[in-house]
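Next come the chains, spelled out residue by residue.
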Amino acid sequence: MILVEITRHELEKKIVLNKYGKLDFYAYCNTPWHAIGIQSFVNNLSEKNQKLSGIVFLANQPGREAIVHPEDFNFNNNVEVQYFKNIDSYREDKKSYLKKLLFSKKNVESNIDNNFYMLRPFRPDYQFGVEYQIETGRKCVLICLEEGVGTYKSNYEIFTEKIKGDIKEGIFFAIACCFNFYLQTKYRLHISYFKLLKQDKKSLSLNNEIANMYLETIQKAVNQNKVNVNFCIDVDRKYAMILTQPFEIKQDVLCKNIINQEYDLIKEYLSNKGIDVYIKPHPRESEDIIKDYRERGFNVLQSDIPLEMFLEVLPKKPIVVIGAVSTALITANALNHVTAISVINLIKKQLNRSYVKAGNEFKKRYGNFVLFPQNIEQILSDECSYED
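All of these numbers come straight from a predicted model, not from anything done at the bench. Residue numbers restart at each chain and count upward from 1, following the sequence in its written direction. The predicted nature of this model means local features are confined to residues of pLDDT at least 70 and side-chain atom pairs, given and counted, to a pLDDT of 80 or more, with totals for whole chains, interfaces and linings taken over all residues. The basis for the side-chain values is all heavy atoms of the structure; hydrogens and waters are excluded.

Asks: Even after reading the chapter, I still don't get the overall build of the protein chain, so can you show me in this structure?
Replies: In this text, helices come from DSSP runs of H or I with a minimum length of four residues, and strands from runs of E with a minimum of two, each type numbered from the N-terminal end. Secondary structure summary: the protein chain contains 13 helices and 14 strands in total. Taken against the 2.2 N^0.38 rule, which gives 21 Å for 388 residues, the C-alpha radius of gyration of the protein chain at 22 Å falls within 12% of a compact globule. Each principal axis of the C-alpha atoms in the protein chain carries an extent, and together these give about 70 × 50 × 40 Å. Out of the 388 residues in the protein chain, the part that is buried amounts to 53%. In what follows, a contact means two residues having at least one pair of non-hydrogen atoms within 4.5 Å. The contacts in the protein chain between residues at least 6 apart in sequence include a share of 74% that link residues at least 24 apart. Areas reported as accessible are Shrake-Rupley estimates using a 1.4 Å probe. Residue values count occlusion only from the protein chains shown. Counting only carbon and sulfur atoms, one obtains 48% of the accessible surface of the protein chain, whose full area is about 19800 Å². This count recognises Lys and Arg as positive and Asp and Glu as negative, with His and chain-terminal groups excluded. The atom standing in for a charge is NZ when the residue is Lys, CZ when it is Arg, CG when it is Asp and CD when it is Glu. Across the protein chain, the 52 positively charged side chains and the 48 negatively charged ones have centroids separated by 7 Å. Between the two quantities, the radius of gyration covers C-alpha atoms and the globule rule is 2.2 Å times the number of residues to the power 0.38. In this scheme, a residue with accessible area under 20% of its type's maximum is buried, one over 50% is exposed, and one in between is partly exposed, where area comes from a 1.4 Å probe on protein chains only.

Asks: I keep staring at helix α11 (residues 327-334) and nothing clicks. Help me out?
Replies: What sets the pattern is the α-helix's 3.6 residues per turn: residues three or four places apart point alike. Burial analysis of α11 places eight of its eight residues in the buried class, the great majority of the element. Within α11 the residues assigned to the buried category are Thr-327, Ala-328, Leu-329, Ile-330, Thr-331, Ala-332, Asn-333 and Ala-334.

Asks: Is there a simple way to explain a nonpolar patch on the surface in this structure?
Replies: Side chains of Ile-167, Ile-171, Phe-172 and Ile-175 sit close together on the surface and give an oily, nonpolar patch of about 410 Å² of accessible area. For Ile-167, the location among the structural elements is in helix α6 (residues 167-187). Classification of Ile-167 as exposed rests on a relative accessible area of 56%. Within the patch definition used here, like charges are joined within 9 Å and nonpolar side chains (Val, Leu, Ile, Met, Phe, Trp, Tyr) within 5 Å, considering only residues with over 30% relative accessible area and no salt bridge. Any carboxyl oxygen of Asp or Glu that lies within 4 Å of a side-chain nitrogen of Lys or Arg is treated as forming a salt bridge with it.

Asks: Teacher, can you tell me more about the environment of Ile-163 here?
Replies: Residue position: Ile-163 is located in helix α5 (residues 155-165). For Ile-163, a relative accessible area of 28% corresponds to the partly exposed category.

Asks: Before we go on, may I ask you to explain the sheet that holds strand β13 (residues 320-323) in this structure?
Replies: Think of a sheet as strands paired side by side through backbone hydrogen bonds, with each pair either parallel or antiparallel. Ordered by their spatial adjacency, five strands build an open sheet running β12-β11-β10-β13-β14, and the pairing between neighbours is parallel. If you trace the sheet from one side to the other, it starts and ends with β12 (299-300) and β14 (340-342), each paired once. Two strands are counted as paired when DSSP detects at least two bridges linking them. The pairing of strand β10 (residues 239-243) with β13 spans three bridges and is classified as parallel. Bridging across to β13, Ile-242 finds its partner in Ile-322.

Asks: Mind showing me how you'd approach the sheet that holds strand β6 (residues 140-145) here?
Replies: On the basis of which strands lie adjacent, the open sheet formed by seven strands has the order β1-β4-β3-β2-β5-β6-β7 and parallel pairing. In this open sheet, the two strands that pair with only one neighbour each are β1 (4-6) and β7 (190-194). Each strand axis lies, on average, 25° off the axis of its neighbour in the sheet, ignoring direction. Packing of helix α4 (residues 126-136) onto the sheet brings it into contact with β2 (25-29), β5 (116-121), β6 and β7, and relative to β6 it is tilted by some 165°. All axes are obtained by fitting lines to C-alpha atoms, using only the stretch in contact for helices, and the reported angles, taken between N-to-C directions, cover 0 to 180 degrees.

Asks: Is there a simple way to think about the layout of surface pockets in this case?
Replies: Any empty space left between the atoms is revealed when a probe the size of a water molecule rolls over them. In this structure, the second largest pocket spans a volume of roughly 550 Å³. Elements represented by at least two residues in the lining of the second largest pocket include exactly α2 (32-46), β6, β7 and α7 (208-223). Cavities and pockets were defined on a 1 Å grid built from protein atoms only: a cavity is a group of points that admits a 1.4 Å probe but offers it no way out, a pocket is an open group of points flanked by protein on both sides within 12 Å along at least five of seven lines, and a lining residue is one with an atom within 4 Å of any such point. Grid points are joined across faces, edges and corners, and a volume is the space filled by probe spheres set on the points.

Asks: For this particular structure, what's the right way to read the packing of aromatic side chains?
Replies: Between two aromatic rings, the relevant description is the distance of the centres plus the angle of the planes. Ring pairs are drawn from Phe, Tyr and Trp, using the six-membered ring of Trp, whenever the two centres fall within 6.5 Å, and their geometry is named by plane angle: stacked under 30 degrees, edge-to-face over 60, tilted for the rest. One pass over the structure, following the stated rule, counts 18 aromatic pairs. A ring pair is formed by Tyr-20 and Phe-84, whose centres lie 5.1 Å apart and whose planes are at 55°; its orientation type is tilted. Here the residue Tyr-20 occupies a position in the loop between α1 (8-16) and β2, and Phe-84 occupies one in strand β4 (residues 79-86), the gap between them amounting to 64 residues. Its relative accessible area of 4% is what places Phe-84 among the buried residues. With a centroid separation of 6.4 Å and an interplanar angle of 45°, the aromatic rings of Phe-25 and Phe-75 are classed as tilted. Of this pair, Phe-25 sits in strand β2 while Phe-75 sits in the loop between β3 (52-58) and β4, and the two are 50 residues apart along the sequence. Of the residues examined, Phe-25 reaches a relative accessible area of 1% and is grouped as buried.

Asks: Explain empty space enclosed by the protein to me, please; I cannot follow it from the model alone.
Replies: Under the counting rule described, the total for this entry stands at one cavity of 30 Å³ or more. Quantified by volume, the largest cavity comes out at close to 60 Å³. Glu-146, Gly-148, Val-149, Tyr-152, Leu-196, Leu-197, Thr-327, Ile-330, Thr-331, Ala-334 and Tyr-366 together form the lining of the largest cavity. The element contributing the most residues to the lining of the largest cavity is α11, with four residues. Any residue that is not Ala, Val, Leu, Ile, Met, Phe, Trp, Tyr, Cys, Pro, Asp, Glu, Lys or Arg is counted as polar, Gly included; the first ten are nonpolar and the last four charged. For the lining of the largest cavity, the class distribution of residues is seven nonpolar, three polar and one charged.

Function cannot be read off these values alone, since they describe shape.
Written as structure tokens, this is what we have:
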């Protein structure tokens, strides 16, 4: 398949001008996990329609290659998709673009059978939704896909995190939130959240309907042999899997060595109990970091496949997955039914205040899915409960 390289703004301009014909959806994707969410939503939508046509934009983080590819998708037969690959760029016509968003008075169709869907992880794309409605007069439904722990943070939580790291960044985020609220109100944007978890009193519980769509997408890929792994796991032995994080957020970087030292202690403890220990690096983990894990004696399971799919193709699932503050811990338990352990309580006395606060919030929010042992011996103990 030939991938057309294009900037995001050029692509979106052509979409709103109908250069690719009348489309039903446009999806922004930069990880294999997003790809699962996109397929789940679109395939479910296609069951209610005779045919769907859309575009998937394969994005990337600035300066990095994309880690998601057309082969990662497995749409139903009645879904026709065009794929485009991102080229980094900045919008050149910002002033006229913002002026159009602020002052346009064009009306929008309200025909529910003629909706256009814009899928994006983490937060809705308000600006694209407005531009699309202005240029086409057609209703654009913004679908916010599951991103991970960030999806469930309020704008205020994100603002406080940003302003602690960089006051300027925090102020810009606050301005953007106000601008997006104005756009949502002025243009009556319809926003829908396609998320695995739902609010249940003070914590989160599984949204079974959406979880089943995700599982169906995962199983479909497994059954059609679209996912292959070539790892030597001794199926006659119990094993644990440690899930790494790329440590890109400031408080993560500061605590990186502390977390890794705890992983070494866990490896030693479990090995003495006759349990093998494997490391599953995050897809954005650098080669230097992966090399370091190997040098420290870890067996590395290196793959860009999302953990949720990865666990389903292994010859045998681990008895436990272990991490710090990670989305993969939640989904490993919620979707794959594997016990998930966070090391936060084991190292909280060594962590800085910011990371401890993030860990406490993680525990409060995801305590239905992740265990938080008080000592290393509880990792294999029934004493470690979900409500410690």
